[in-house]
Amino acid sequence: MASLVTDYCTLCNDDGTSTEAVRWCIECEVFLCTDCEKHHKKSRSSKAHNTMSTKDYHNLPKFMQDISSQCRNHKKKYELYCSFHACPCCVTCITDKHQKCQEMKPLSDVLKQVKSSASVQLFEKDLKDVKENLEEIIKYLNRRINTSTEQKTKAAEQIRSMRKSIDDFLDKLEQKVLDDLETKQSKLKSKMNTLLQQLKTQSNQMSQLQREFSKMTQYATELQMYVGLREIEKTTSEAAKYLDDLKSGGQLDEVNLELTISSKLQSILKDVKSFGDININTSPFTLQLQAGRKDQAQYLVHTTPTIEQIKPSFLRQLTIPQDRKNIAICACTILPDGKYLIFDGNYYRLLLFSNDGMFKREVVKFTGGSSDTCFVRTNTVAVALKKQQIALVDVEKNKIFKSINISHSCDTVASDGQMLVVSSWEKSTIVNLNDESHTILEGVMAGKIALFKGNIYCTNDSENKVCCYKSTGEPLWTFQHHDIVYPQGITLDKNGFVYVVSWNNNRVVVVSPDGKTCKTILSEADGISTPWAIDINRESGIVIVSSKISSDNDYSKLYNTAFVYKL
C-alpha cells in the first residue's frame, strides 16, 4: 500500500506548488523534489545532511517515521541524552526539566555506530527468542485449554457417575424399606383377619342363640325353658369372657404402621450443601523457554525508571485459614521460587504460602519471642530471636539447623547471602556467613533493616526517619517526610529505590536512591491498613505488604493478611 502514497515536496508546497517528492531529509525532516534536492545538496547548511528515497522512508515502521530529531517542546535539535530519564534532550530541556540530572551524555556518543554495534544483533536475537517463546506459550496454552476441556468432561462424568451411584444406593434402601413395610403390614393384616374370623364366628353364634331364644319363649315347656336358659347363660358368659380376654390381652389395641426416616438420610438435606467443589490448583510453569539476557546486556543505554513511574499493580491476597486469623504478621518474605513466608508474632511461628497465596503448612514454631525474618540463600531463612540469638531455618526440612549468638538483643535481621546484619536499638552486628566473624557497628540502630549493594538501610519509628549507612557504619543520608509516620518494614528494588511501610498513616512510601525525595505508592484507598512488613523479590519485581482487613465486611472483626503486587 505504501507504493500508492504520493509525497509532495515540503518546500514547494510552502510556495503553493504540488511537486512530487523523491527524497526525505532525515535531519531537516522535509520531503524534497528533484530540484529542491539539488539546492539542498549545494546549500552550505544542509549539504552534509543525510537523505533517503521516499520509498525507503515508507519502508520504515510507522512508529519510526514519527521519531523526530527535534525536541517537540522546544523545537530545537536533540544534542544530549539523559541516562536517568532515558530520553534525548535539547539544550533548553536541561534548564527546563533536567536541572538535577547528573547523567547527561552527548547524543552523538550514544548513537555512535548503533547499527553496527553488538547490541543490534543481540536485540535481533531477543526478538527471535521472544517470538519463539510466545509461539511456544501459545501452543502451551492451547494444550492447556484442551486439557481443561478434557478435565471438565472427566469431572462431569464423575459427577454423573456419583449421582448414579447415589441413586442406585437410594433405590436399594427404598426397596428394602418398602419390602419391610409390605411384610409387616401383611403380618398385621393376617393377624387381624384371623381375629376377625373368630369374632364373626362368635357373632354368628350369638345371632343363632337370639333366634332360638325367641322360639324358646313361645314353644318350650317350663323344664325346657329352665335348662335352656342355663345353657344360654353359659354360652353368653363364655362369649363375654372371650371379649374380656381380648381386651385384657391387648388383642384389640390399635396397631398403627409408622415410618421413621433415617436421621442420617434426613441430615443429607440439612448438612449437604454442595454436590462437590470445583478447585483450580496451580503448579509451577514447566515449559522450557529461550533464556533472556540480564538487564546490563539488554539495553543500549541502561535506563532507570523515575520515581513517578513506580506504580504497583495488585496481583493477589494471601488466604488466611479460619483457624489462623488471630496471627500478627511481623515479617514477610518472598522466596526465590515465588512462595511466601510470613512470621506470626502472636505464636512465634513461620507459615508458608504457595505462589497463588494459599496456605501450605507451618514451617517451624519457636519457644521464645521473635520479631523478624529474612531470606539468606538456597532454602535458608534467618529468624531474629529476642534471646540474643539468630536461628537459621531450613524451609524445606522444617527445622532449625543452626543458631548464632549475638551480643545484644535481636530486633531485626537482613542478609545478602554473604553476611547477616542484626540490629537493635542498642547497636548492630555484621555476621560474616563464611567464617561467622562478628563486626559491631555502634552507631547503627534500627527498628527494621535492609541490605543493598553493601549499604545498610534502616527505619527509625521514634523519629520517623529512614537512614542509609555504609557497611562500616558511616552515615550516607537521612530522610524525613510527612508521608512517613512511624515507619516499620523496609526493603529495596533492583534499582535501589527504598520501600517503607508507614504504619501510623496506612501507606507504602518509596524513597529515591539518593534519599532526597519520596512518593506514596499505596494507601488506604488501596485497602492498606496498619501495614507492618514488606518485602520485594528483586528479580521478579513482586512486592508483598502486610495489612489488616475485615472479615465479611464486619470491621469489628479485623485480621492480618498480606497483599501481593507487581512493580
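I will try to describe carefully the structure that is included in this document. (Residues numbered from 1 in each chain as written. Predicted model: local features only at pLDDT ≥ 70, side-chain atom pairs only at ≥ 80, totals over all residues. Heavy atoms only, no water.)

1. Points about the nonpolar core
In this structure, Leu318, Tyr340, Ile342, Tyr499, Ile544 and Val545 are the most contacted members of the largest nonpolar core, which totals 33 residues. Tyr499 has contacts with Ile310, Gly489, Ile490, Thr491, Leu492, Asp493, Val509, Val510, Ile521, Ile534, Ile536 and Leu567, leaving out every residue within four places of it along the chain. Among the nonpolar cores identified, the runner-up in size contains 16 residues, and Leu335, Leu350, Leu352 and Val363 belong to it. (Core = buried A, V, L, I, M, F, W, Y, C linked by side-chain atoms within 4.5 Å. Buried < 20%, exposed > 50% of the residue type's maximum accessible area, 1.4 Å probe, protein only. Contact = heavy atoms within 4.5 Å.)

2. A closer look at the sheet that holds strand β8 (residues 329–334)
Strands in a sheet are paired, the pairing made by backbone hydrogen bonds, and the direction either parallel or antiparallel. Pairing within the open sheet is antiparallel, and its 4 strands lie in the order β8-β9-β10-β11. Where the open sheet ends on each side, the last strands, each with one partner, are β8 and β11 (359–365). Taken pair by pair, the neighbouring strands of this sheet meet at an average axis angle of 20°, ignoring direction. For β8 and strand β9 (residues 340–344), the ladder comprises 5 bridges, and the chain directions are antiparallel. For Ile329, the partnering residue across the bridge sits in β9 and is Asp344. (Pairing = 2+ DSSP bridges. Helix = DSSP H or I, 4+ residues; strand = E, 2+ residues; numbered from the N terminus. Axes fitted to C-alpha atoms, helices over the stretch in contact; angles between N-to-C directions.)

3. Brief notes about the side chain of Thr54
By secondary structure assignment, the location of Thr54 is in helix α3 (residues 54–59). Of the residues examined, Thr54 reaches a relative accessible area of 15% and is grouped as buried. With residues up to four places along the chain from it excluded, the contact list for Thr54 reads Asp7, Ala21, Val22, Arg23 and Phe31.

4. Notes on the sheet that holds strand β12 (residues 370–377)
Reading across the sheet, the 4 strands line up as β12-β13-β14-β15 and stay open at both edges, with antiparallel pairing between neighbours. Edge positions in the sheet fall to β12 and β15 (399–405), since each has one partner strand and no second. Adjacent strand axes in the sheet meet at a mean angle of 25° when their direction is disregarded. As paired strands, β12 and strand β13 (residues 380–385) are joined by 6 bridges and run antiparallel to one another.

5. Brief notes about the pairing of strand β26 (residues 507–511)
On a regular strand, each side chain points to the face opposite its neighbour's, so the side chains alternate between the two faces of the sheet. Burial of β26 is extensive: 4 of the 5 residues sit out of reach of the surface. Where strand β25 (residues 498–502) meets β26, 5 bridges bridge the pair, whose relative direction is antiparallel. In the sheet register, Tyr499 faces β26, and the bridge partner there is Val510. Once β25 ends, the chain turns through 4 residues before running back antiparallel as β26, passing Asn506 with a positive phi of about 55°. With 4 bridges connecting them, β26 and strand β27 (residues 518–522) associate as antiparallel partners. Counted as the bridge partner of Val510 is Lys519 from β27. In textbook terms, the turn of a hairpin is the stretch between consecutive antiparallel strands, and for β26 and β27 this stretch comprises 6 residues, one of which, Gly515, has a positive phi near 70°.

6. A closer look at the packing of aromatic side chains
Throughout the structure, instances matching the rule amount to 10 aromatic pairs. Ring geometry for Phe31 against Tyr57: centres 5.3 Å apart, planes inclined by 85°, an arrangement best described as edge-to-face. Taken together, the positions of Phe31 in strand β2 (residues 30–32) and Tyr57 in helix α3 put the pair 26 residues apart, joining distant regions of the chain. As far as burial versus exposure is concerned, Phe31 and Tyr57 are alike and both buried. (Phe/Tyr/Trp six-rings, centres within 6.5 Å; stacked < 30°, edge-to-face > 60°.)

7. So, helix α2 (residues 34–42)
Among the residues of α2, those classed as buried are Cys36, Glu37 and His40. The buried residues of α2 all sit within an arc of 105° when viewed along its axis, so they share a single face. α2 presents His39, Lys41 and Lys42 as exposed residues on the side facing more than 90 degrees away from its buried surface. Buried residues along α2 sit in contact with α1 (10–14), β1 (23–25), β2 and β3 (51–53). (Arc of directions from axis to C-beta.)

8. Thoughts on the environment of Ser186
Tracing the backbone through its elements, the reader meets Ser186 in helix α7 (residues 118–219). Ser186 gets classed as partly exposed once you look at its relative accessible area, which sits at 32%.

9. Let's talk about unusual backbone geometry
At Asn464, a position not held by glycine, the phi torsion is positive, near 55°. Along the chain, Asn464 falls in the loop between β21 (455–460) and β22 (465–469). The partly exposed category is assigned to Asn464, whose relative accessible area is 27%.

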